[in-house]
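Here are the chains, one letter per residue:
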Amino acid sequence: MDKFTIVIPVYNEAKNLKILIPKIYQELRNKEFEIIIVDDNSTDITSKILKKFKKNNFHHLIRKGERDLSKSCILGFKKSRYNNI
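Remember, predicted model here, so these are calculated numbers, not experimental data.

### Some words on the nonpolar core
Grouped burial of nonpolar side chains is what soluble globular proteins tend to show.
Now for step 1: I21, F33, I35, I37, L50 and F58 are the most contacted members of the largest nonpolar core, which has 16 residues in total.
Now for step 2: Elements represented by at least two residues in this core include exactly strand 1 (4–10), helix 1 (14–27), strand 2 (33–39) and helix 2 (46–50).
Now for step 3: It is helix 1 that provides the largest number of residues to this core, a total of five residues.
Now for step 4: Setting aside residues no more than four positions away along its own chain, F58 makes contact with I21, Y25, I35, I37, L50 and F53.

Set out below in C-alpha cells:
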C-alpha cells in the first residue's frame, strides 16, 4: 500500500485517544503513514494526552471557534501530505 494519512476529528476524547493512538502505531508499524488529529478545542485533557505523542508522523491541530465536524475533517485533509486519506 502507498503512503497514507489518517485524519481523526475529536472533541473531548482524551480517554479514547490514549487507547486508539498506540493501537494505530502498533498495527501500522511497518507502513508509511501520518496521523492528523484535528481537535475542536476540547475542554478535557485531550491536548495534554496528545502532547505525549511526539513522532514525526503525528500532528495535532486545534480549531478555535465554532465546533464543526465537517470543517475539522476538511482541515485535516488540507494538511495531509499524502493523497490517500
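### Here's the deal with helix 1
Now for step 1: If you check helix 1, its first and last C-alpha atoms are 20 Å apart, about what 14 residues at 1.5 Å a residue would give, namely 20 Å.
Now for step 2: Those residues of helix 1 not exposed but buried are A14, L17, I21, I24 and Y25. Each buried residue of helix 1 lies within a common arc of 90 degrees when the element is viewed along its axis, so the set occupies one face. Opposite the buried face of helix 1, at more than 90 degrees from it, the exposed residues are K15, I19 and E27.

Conventions adopted
Residue numbers here run from 1 along each chain, matching the order of that chain's written sequence. Confidence filtering applies because this is a predicted model: local features only for residues at pLDDT of at least 70, side-chain atom pairs given and counted only at 80 or more, and all residues used for totals across whole chains, interfaces and linings. Excluded from the side-chain calculation are hydrogens and water; included are all heavy atoms of the structure. Definition of nonpolar core: a set of buried residues of the types Ala, Val, Leu, Ile, Met, Phe, Trp, Tyr and Cys, connected through side-chain atoms within 4.5 Å. With a 1.4 Å probe rolled over the protein chains alone, any residue whose accessible area is under 20% of its type maximum counts as buried; one over 50% counts as exposed, and the rest are partly exposed. A run of H or I in DSSP becomes a helix once it reaches four residues, and a run of E becomes a strand once it reaches two; helices and strands are each numbered from the N terminus. In what follows, a contact means two residues having at least one pair of non-hydrogen atoms within 4.5 Å. One less than the number of residues in a helix, times 1.5 Å, gives the span that helix is expected to have. This arc is taken over the directions from the axis of the helix to the C-beta atoms.

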